[in-house]
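# Fold and geometry: a report
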Amino acid sequence: MAAPILQVRNLRTQFSTQDGIVKAVDDVSFELYPGETLGIVGESGSGKSVTALSILRLVPEPGRIVSGQILFHNEDLMHMSDEDVREIRGRDIAMIFQDPQSSLNPVLRVGFQIDEAMIAHGKSKPDAHVRTIELLKRVRIPAAETRVKDFPHQLSGGMRQRAMIAMGLANAPQILIADEPTTALDVTVQAQILELLGDLNRELGTAIIMITHNMGVVAGLCTRVIVMYAGQIVEQGPVDQIFENPQHPYTWSLLKSIPRVDAVRHERLRSIEGIAPDLLRPPSGCRFHPRCPFRIEKCYTDEPTLKEVAPDDLAACWVTMDRARKEMGADEMVDIRPGAGSGVHKGRES
Amino acid sequence: MTAQAAEARPAPSPGAAKSLVRVEQVVKHFPAGFGTSVKAVDGVSFEIREGETLGLVGESGCGKSTLARLVTQLLPVTSGKIFLGDVELTSLGGEKLRQQRRQLQMIFQDPFASLDPRMTVGDIIAEPLDNFGVLRGRKRNERVQELLRIVGLNPNFNNRYPHEFSGGQRQRIGVARALALNPKLVVCDEAISALDVSIQAQIVNLLEDLQQKFKLTYLFIAHDLSVVRHISDRVMVMYLGKIVEVADSAGTYTDPKHPYTKALLSAIPVPDPKIQRGRRLVELSGEIPSPIHPPSGCRFHTRCPIARVPTPCAEIEPPLEEKVRDHLAACHFSQDV
């Protein structure tokens, strides 16, 4: 395999609040390879967006990257001056956000805002303008020549997100970080945007980091996936492997808790007991242990680290699903609290 | 033929369950200035059968939330009739309508906005009881605690405030409030959309359990088709103020009779990479037209991959009619879908 273009090593990002320090990202390490599509999934508060913002050193106050390295082509972004990082931002690594409405300036024409992204990195105004129209065509905005003059409010949500993608691609970056880019969109529009991202990845070779809570989005677009929980990576590996045979109980539960549109019969969903932990006081041992149906004594006290549990599959778990299936009857477990229940699956169906 | 006459009334199939709610030719137009109007719901007819979950899906702006508010009579209809059992809600007003509202409850999308932050959870849940003067004093408090237990919360939480609860717990409080008066119909308007995936499953399971226990009827509105398929007995698809397809959920999902339903289904990502990679997206051209000036004929014809324009699709509005048994669709060429 080629050398990674991006390496995140032992990243820790924290927010100091009145109540204490929130460890939003706690010792996260991963690599991104050229031309790859990497998914980062997790629920709210798992640290996936903060990880993305940390890569570009865009963590908002009172957040702070406490330690770690962000190596872009082996150069540490953490040790660069603000100007140097600004050079990389938008040129080599671009980012698009969830809400295109608030990422675009409402009083400036869309075309102008895309021009700006290139002018900031040294392109001349006329050159930038020509490329903007090309880009808008590239992201399949119809009548691009006239649309460049539109203001953001004149575009639909899907079109605005396309314009954001065009802006992200303006300087032909090597990495595009997409933070929940389709969450605010309708499903048919979401599908179009995902297809567009897939095409751009194949045709331009742009590596994509897709941050999402939607397992389906990852399944369609990504080749590799990282699952985050409470500020840490709990599992990572190739999508086929992770979706077919997840080893971390959190990944497993997450996949079991979503109904599928192609379901053949009605199966009761497996919900995850309890709620996400408070990152001011994360649980001891494995952070997932209070919600984990397969916890053992060790999980309360010892923090598991990522290790290879199957070929290419890294999971941070003392038990892993292979054992949970064999020894704990994981596949036969169902919710046992009827009526109010819905949360717990600690026992078997009687 | 007027647009409204084109809509056939769903024929109740023999031996089917009794209908609880009947909606007949309901229209809701909102004035949009300059003599124009937003045709949010434009002539829809359907029934909700007793004890079933009727799913309602469609993209933003299709009129599904407006329809929910019409069914619960939180909005007056522009024209048309809505029946609850034998009572015509749309002919009632004032106190008579208020009394009927006991039967119709709603669970809202945002568990943060739908609970008054300055009321205790107990008072929130008891508000319907207080409004109708049903229970007082100790009986009232017992009922509140019972409701908390029913939705899986600690009964002693009744003196706490909403901010002390997580999103999922708040949604449970919303469910408890909706059940306080033993309603017949509960309308869930995007009731789980704001929740995290793992919490969604808890609420979906809870709703299913409660339905069995209390013989509830649900109108379940969501943009997430996977969840709707999971929870619904029948599914209704809306596009631009019109119902385009109604069928049992297996029928809608495995054998759609309307090209819009088919496109919608193809767009849902399946959390299985091997399957997802092989799926083909039915691309819709263009964007959802404005509900102020909906397209002529079939409203979907401007984006439809199989439309024959101009005739008949751009000229004649297809009626919502039975294509196969218990499977209604509004399309001239449903055999080609």
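Chains are numbered independently. Their residues run from 1 in the order of the written sequence. Chain A is the first chain written and ligand 1 is the first ligand written, with later ones labelled in order. Local features in this predicted model are restricted to residues of pLDDT 70 or higher, and side-chain atom pairs are both shown and tallied only at a pLDDT of 80 or more, whereas totals for entire chains, interfaces and linings draw on every residue.

This part is about the overall build of chain A. Assigned secondary structure in chain A consists of 13 helices and 12 strands. Relative to a compact globule of 350 residues, whose C-alpha radius of gyration would be 20 Å, chain A shows 22 Å and is just as compact. Seen through its C-alpha atoms, chain A measures out along the principal axes to roughly 70 × 45 × 45 Å. In this scheme every C-beta is placed from the backbone, and a residue whose C-beta has 20 or more other C-beta atoms within 10 Å is buried, one with 12 or fewer is exposed, and one in between is partly exposed. Expressed as a percentage of its 350 residues, the buried residues of chain A come to 52%. Helical segments are the DSSP runs of H or I of at least four residues, strand segments are the runs of E of at least two, and each set is numbered from the N terminus. We compute the radius of gyration over the C-alpha atoms and compare it with the globule rule, which gives 2.2 Å times the number of residues raised to the power 0.38.

Attention now goes to the interface of chain B and chain A. Frequently, the measure chosen for interface size is the accessible area removed from exposure when the parts meet. Note on contacts: residues are paired as contacts if their backbone-placed C-beta atoms lie within 7 Å. Between chain B and chain A, the residue contacts involve 42 residues of the former and 44 residues of the latter. Among the elements of the structure, helix H4 (137-150), helix H6 (197-214), helix H7 (225-231), helix H9 (259-267) and helix H10 (273-278) of chain B are those that each provide at least two residues to the side of chain B that touches chain A. Counting residues per element, the side of chain B that touches chain A draws most heavily on H6 of chain B, which supplies 9 residues. Tallied by class, the residues present in the side of chain B that touches chain A amount to 21 nonpolar, 11 polar and 10 charged. Note on residue categories: nonpolar means Ala, Val, Leu, Ile, Met, Phe, Trp, Tyr, Cys or Pro, charged means Asp, Glu, Lys or Arg, and polar means any other residue, Gly included.

This part covers the sheet that holds strand E12 (residues 327-329) of chain B. All names here are of chain B. One open sheet accounts for 8 strands, arranged E6-E7-E8-E3-E9-E10-E12-E11; its pairing is mixed. A strand with exactly one partner marks an edge of an open sheet, and here the two such strands are strand E6 (104-107) and strand E11 (321-324). On average, each strand axis in the sheet is inclined to that of its neighbour by 25°, with strand direction left out of account. DSSP calls a pair of strands paired once it identifies at least 2 bridges connecting them. Two elements, strand E9 (residues 234-239) and strand E10 (residues 242-248), share 6 bridges in a ladder whose sense is antiparallel. By the bridge assignment for E10, Arg 234 is matched with Asp 248. Throughout, an axis means a line fitted to C-alpha atoms (over the contacting stretch in the case of helices), and angles, computed between N-to-C directions, take values from 0 to 180 degrees.

For Glu 43 of chain A, the location among the structural elements is in the loop between strand E3 (37-41) and helix H1 (48-55). For Glu 43 of chain A, a count of 20 C-beta atoms within 10 Å translates into the label buried. Separated by 216 residues in sequence, Glu 43 of chain A and Pro 259 of chain A have C-alpha atoms that sit 16 Å apart. Ignoring anything within four residues of it in the chain, the contact list for Glu 43 of chain A reads His 213 and Ala 276 of chain A together with Asp 196, Val 197 and Ser 198 of chain B.

Glancing now at the sheet that holds strand E9 (residues 224-229) of chain A. Residue and element names in this part refer to chain A. The mixed open sheet is built from 8 strands, whose spatial order is E6-E7-E8-E3-E9-E10-E12-E11. Each edge of the sheet is formed by a strand with only one pairing partner; in this case those strands are strand E6 (93-96) and strand E11 (307-310). Across the sheet, the mean angle from the axis of one strand to that of its neighbour is 20°, orientation sign disregarded.

Residue-level pLDDT values for chain A average 88, and 95% of them are 70 or greater. Confidence scores here are pLDDT values: one per residue, from the predictor, ranging 0 to 100. Of the regions scoring below 50 in pLDDT, residues 336-350 of chain A engages in 40 contacts with residues more than four places distant in sequence or in other chains.

Inside soluble globular proteins, nonpolar side chains tend to come together where they are buried. Ile 209 of chain A together with Leu 219 of chain B are the most contacted members of the largest nonpolar core, which totals 201 residues. Counting residues per element, this core draws most heavily on H6 of chain B, which supplies 8 residues. Contacts of Leu 219 of chain B, omitting those with residues within four sequence positions, involve Ile 48, Leu 54, Leu 56, Ala 68, Val 71, Leu 185 and Val 187 of chain B. Throughout this description, the term nonpolar core refers to a group of buried Ala, Val, Leu, Ile, Met, Phe, Trp, Tyr and Cys residues whose C-beta atoms join them within 7 Å.

To continue, consider the pairing of strand E2 (residues 20-32) of chain A. Side-chain direction in a regular strand flips from residue to residue, so the side chains alternate between the two faces of the sheet. Residues and elements named next belong to chain A. In the sheet, strand E1 (residues 6-17) pairs with E2 via 10 bridges, with the strands oriented antiparallel. The partner of Gln 7 across the bridge, within E2, is Glu 31. Adjacent in sequence and paired antiparallel, E1 and E2 are bridged by 2 residues.

Okay, unusual backbone geometry next. In this model, Glu 61 of chain A is joined to Pro 62 of chain A through a cis peptide bond whose omega is -5°. Position of Pro 62 of chain A among the secondary structure elements: in the loop between H1 and strand E4 (63-72). The peptide bond linking Thr 311 of chain B to Pro 312 of chain B adopts the cis configuration, its omega dihedral lying at 5°. Note that Pro 312 of chain B resides in the loop between H10 and E11. With phi around 50°, His 73 of chain A is a residue other than glycine that occupies positive phi space. Position of His 73 of chain A among the secondary structure elements: in the loop between E4 and strand E5 (75-76). Within the chain, Phe 34 of chain B stands out as a residue other than glycine whose phi angle is a positive 50°. Structurally, Phe 34 of chain B is set in the loop between strand E1 (19-31) and strand E2 (37-49).

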